[in-house]
Amino acid sequence: MPIGKPSPTAPSDSEKAGLDIVGNNTYHPGTADIEYDELHVPCPPHTTERKIMNRVDWHLIPFLCVLYLLAFLDRVNIANAKSFKLVDDLNLKDNEYNTALTMFFVPYIIAEIPSNILLKKFSPRVWLPACMLGFGIASVGQGLVQNYSGLLATRFFLGLFESGMFPGCFYLISMYSAIRKMCMLQYRDRNESQKRYSLFFSSTSLAGAFGGLLASAIGKMQGIRGYNGWRWIFILEGILTCVVALVFFVIFPSFPEEAKWLKEDERAYIKARLQADQGHNAAERKITFHDVVTVMKDHRVWLGGFMYFGLIVPAYGYAFFAPTIISTYHYDAIQTQLHSVTPWAASFGFSLLTAILSDWTRHRAAFALAPLALSLAAFATLLTVHDNTPVQYAMLHLVTMGTYAVLPIIVCWFSMNLGGHHRRAIGTAWQIGFGNIGGIIATFAFLNKDAPYFKNGYSICLGFTCLSGLASALYLISIYLENQRRKKAVRDVGLSDYEKSEMGDLNPEFRYMY
């Protein structure tokens, strides 16, 4: 059978009974050393489907983690720079610093979809490193500005070039994940995908910790060549991004069927799987306005947006103002940067632990709700305790642990419950796009006039965390009731595979995961 052409007819129940399952592939007796997956695509005899998938993960996720780590580092290092006379040198008044933070999100939100279109046109190996080089140069430019207008301009271009990072990384992950879809690993992959999401998201925590350490070292360059420390933070971290971007032009992974680290027969197998899967799911059909309207009529899609939106406010609120908050505990600039490291490190470890437990228990809801108690308790304490530095500092650890551990859980839970290519594409784009609006709110949560207690900021973060928890609870109730309804309904209503794919998670046979 030629590679890339699925079996013309699916095997009957009687034929399935004669098949032996070896590992994750279907073995047909009489065809020596050839394994077939459920789409009847022959797997290369020297490997297995699971081994190929594991190699895909190891050759993709580390690159995306490094890329997003540097993107987030260049996005929030303005918080570190503020501790080293940025406001004084640029003569920023009133809320101009907060406005500069907001400027980043204007192109960041608007340019996400056009960036993904260009990603498909130029390929990830070209487009993502090019964007990375762009925001690296913009970061260097921030270190050279002389006034408020220059800062606004560089923040705008930083947001423009970073707009494609998050959706671009997710699109690339989805392309590789398409190889897994509808295969015999589907149930296991759906229930064991959290570690992959959390590892990618946790690069933000590493960026925060890494940024604090770098800033504490770079800040000591105060006065070198007439530049204050904040300039060197932008310049050196921007140069680091540019160097990595140039390297990525050579080694960054492209689309799965073009991966040079796979053997020729393995690339042929992956290409055949993609073609068979796309043919089976009609993935080539373009998304129409009617599709968008249909998806947005689903109340669960709206709840998914508010689940993410509610946590983006405290997430960015902490990322942009952590050094400002810590400086009110009477630390100098260097000590402020060093004390900003451990809350980020704690969130990284707790996020991975939460992901492991979530995959182990094959459960999402509890891990999307329980850690929020840490954030709620922390914000409530910070609102009332103002004279106990050890307690206040400890609460910052709980803020990061609760917030940054739940973000990837919410995205994974919602995404995995969206069936079908079109519903998943529209639903995840809505969740991320709508959620990022919370970043604009976060930029004005902590104002200078509210220092040192920042009661307004903590109250805003507390309220939006409650919003996220409420949306998650309503989402859980909704999918539970829907699953119960479908259990009682007639399961086989005679839908074709195409109709099931078009309906996605609205298919009566689909079961939402908790």
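All values derive from a computational prediction rather than experimental measurement. (Residues numbered from 1 in each chain as written. Predicted model: local features only at pLDDT ≥ 70, side-chain atom pairs only at ≥ 80, totals over all residues. Heavy atoms only, no water.)

1. Considerations on the pattern of salt bridges
Line of reasoning, step 1. With the rule as written, the count across this model stands at seven salt bridges.
Line of reasoning, step 2. Here Arg75 ties to Glu162 by a salt bridge, and the two come within 2.9 Å at their closest N and O atoms. Of this pair, Arg75 sits in helix α2 (residues 49-81) while Glu162 sits in helix α7 (residues 148-162), and the two are 87 residues apart along the sequence.
Line of reasoning, step 3. Using a relative accessible area of 0% as the deciding quantity, one classes Arg75 as buried.
Line of reasoning, step 4. Here Arg485 makes a salt bridge to Glu482, at a shortest N to O gap of 2.6 Å. Taken together, the residues span about one helical turn, with Arg485 and Glu482 both in helix α22 (residues 455-488) at a distance of three residues. (Salt bridge = Lys/Arg side-chain N within 4 Å of Asp/Glu carboxyl O. Helix = DSSP H or I, 4+ residues; strand = E, 2+ residues; numbered from the N terminus. Buried < 20%, exposed > 50% of the residue type's maximum accessible area, 1.4 Å probe, protein only.)

2. Section: the packing of aromatic side chains
Line of reasoning, step 1. Considering all chains together, one arrives at 36 aromatic pairs under this definition.
Line of reasoning, step 2. With 6.1 Å between their ring centres and 80° between their planes, Trp230 and Phe234 make a pair best called edge-to-face. Within this pair, Trp230 and its partner Phe234 are both found in helix α12 (residues 229-251), separated by four residues, close to a single helical turn. Both residues of the pair, Trp230 and Phe234, belong to the buried class.
Line of reasoning, step 3. Between Phe306 and Phe309 the ring centres are 6.2 Å apart and the planes differ by 90°, which places this aromatic pair in the edge-to-face class. Within this pair, Phe306 and its partner Phe309 are both found in helix α15 (residues 299-327), separated by three residues, close to a single helical turn. (Phe/Tyr/Trp six-rings, centres within 6.5 Å; stacked < 30°, edge-to-face > 60°.)

3. Remarks on the side chain of Ser203
Line of reasoning, step 1. Relative to the elements of secondary structure, Ser203 occurs in helix α11 (residues 203-218).
Line of reasoning, step 2. When sequence neighbours within four positions are dropped, the list of residues in contact with Ser203 reads Cys65, Tyr68 and Leu69. (Contact = heavy atoms within 4.5 Å.)

4. Considerations on a nonpolar patch on the surface
Line of reasoning, step 1. Judged by side-chain polarity, Leu118, Phe122, Val126, Leu236, Ile239, Val243, Leu246, Val247, Phe249, Val250 and Ile251 come together as a nonpolar surface patch covering roughly 890 Å² of accessible area.
Line of reasoning, step 2. Every element with two or more residues in the nonpolar patch is listed here: α5 (112-122) and α12.
Line of reasoning, step 3. Among the elements that line the nonpolar patch, the one with the most residues is α12, at eight residues.
Line of reasoning, step 4. When you line up the elements, Val247 lands in helix α12. (Patch = residues over 30% accessible without salt bridge, like charges linked within 9 Å, V, L, I, M, F, W, Y side chains within 5 Å. Areas by Shrake-Rupley, 256 points an atom, 1.4 Å probe, with all protein chains shown as cover.)

5. Here we look at the nonpolar core
Line of reasoning, step 1. Counting 118 residues, the largest nonpolar core has Leu86, Phe166, Tyr308 and Tyr458 as the members making the most contacts within it.
Line of reasoning, step 2. Not counting residues up to four positions away in its chain, the partners in contact with Leu86 are Ile78, Ala81, Leu92, Tyr97, Trp230 and Phe234. (Core = buried A, V, L, I, M, F, W, Y, C linked by side-chain atoms within 4.5 Å.)

6. Topic: unusual backbone geometry
Line of reasoning, step 1. Here the amide bond leading from Ala451 into Pro452 is cis, since omega sits at 5°, within 30 degrees of zero.
Line of reasoning, step 2. Tracing the sequence through the fold places Pro452 in the loop between α21 (421-443) and α22.

7. Let's talk about the side chain of Thr403
Line of reasoning, step 1. Secondary-structure assignment places Thr403 in helix α20 (residues 389-416).
Line of reasoning, step 2. Judged by relative accessible area, Thr403 falls into the buried class, the value being 1%.
Line of reasoning, step 3. Dropping the residues within four chain positions of it, Thr403 is found in contact with Leu311, Pro314, Ala315 and Ser375.

8. Re the packing of α20 against α22
Line of reasoning, step 1. Contact pair α20 / α22: the axes reach a minimum separation of 13 Å and the direction vectors enclose 30°. Put simply, α20 runs roughly parallel to α22. In this structure, α20 meets α22 at a crossing whose hand is left-handed. Contacts between α20 and α22 involve Ile410, Trp413 and Phe414 from the first element and Ser468, Ser472, Tyr475, Leu476 and Ile479 from the second.
Line of reasoning, step 2. Its residues assigned to classes, the contact of α20 with α22 shows six nonpolar, two polar and no charged. (Axes fitted to C-alpha atoms, helices over the stretch in contact; angles between N-to-C directions. Parallel < 35°, antiparallel > 145°, perpendicular 65-115°, else oblique. Left-handed = near helix turned anticlockwise from the far one by under 90°. Nonpolar A, V, L, I, M, F, W, Y, C, P; charged D, E, K, R; others polar.)

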